[in-house]
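Residue-level structure breakdown
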Amino acid sequence: MTEEVSLTNILRNMCPKLQEETYVFCQVSDARLEEVLTQSLCIFREGEGMSAILPKCLAQQYGIASSGPFRQITLQVFSGLSAVGLTATVTRELADAGIVANMVNALRHDHVFVPEESAQQALQLLRGLSNRVYYT
């Protein structure tokens, strides 16, 4: 029961905010990693190599092949790492509207990366989700 109340409070107060920057997901070679590390939003070591979330302009500057473009929506509520069901609820809301959602869960906040052309719609859907939970 505590987990459910916790999720409800997080959803009510998530205050999604669309960030200005446009990002891409890409693979970065070990040799290139040092050059982009300080400007990377996220680096993750996978079995096949280093994956990075980089500002689109940085990937273009270095000629790094990438996916995207994506926009970042930050859930401004402090969600911690134990908010059971938050990722599932957010991604389900966006999936039901046909929007791809790539979640990055950090220590303090959760971040949703959506295709640039769907960013405004995704933001409105997440605000709507928060309002529905708040008023029920």
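Residues numbered from 1 in each chain as written. Predicted model: local features only at pLDDT ≥ 70, side-chain atom pairs only at ≥ 80, totals over all residues. Heavy atoms only, no water.

1. Overview of the packing of aromatic side chains
- Counted by the stated rule, this structure contains three aromatic pairs.
- Between F25 and F113 the ring centres are 5.6 Å apart and the planes differ by 90°, which places this aromatic pair in the edge-to-face class. Taken together, the residues F25 in strand β1 (residues 16-28) and F113 in strand β6 (residues 110-115) connect sequence positions 88 residues apart.
- Joined through ring pairs, the aromatic side chains of Y23, F25, F70 and F113 make up one cluster. (Phe/Tyr/Trp six-rings, centres within 6.5 Å; stacked < 30°, edge-to-face > 60°. Helix = DSSP H or I, 4+ residues; strand = E, 2+ residues; numbered from the N terminus.)

2. Some words on the pattern of salt bridges
- Per the counting criterion, the structure on display carries two salt bridges.
- Among the salt bridges present, the one from E35 reaches R32, with a minimum N-O distance of 2.5 Å. Of this pair, E35 and R32 both sit in helix α2 (residues 30-36), three residues apart, which is roughly one turn of the helix.
- The partly exposed category is assigned to E35, whose relative accessible area is 38%.
- Judged by its relative accessible area of 26%, R32 falls in the partly exposed class.
- Linking E93 and R132 is a salt bridge whose minimum nitrogen-to-oxygen distance equals 2.8 Å. In this pair, E93 sits in helix α4 (residues 86-96) while R132 sits in helix α5 (residues 119-134), placing the two residues 39 residues apart along the sequence.
- The partly exposed category is assigned to R132, whose relative accessible area is 43%. (Salt bridge = Lys/Arg side-chain N within 4 Å of Asp/Glu carboxyl O. Buried < 20%, exposed > 50% of the residue type's maximum accessible area, 1.4 Å probe, protein only.)

Any functional reading would require information beyond the geometric quantities listed.
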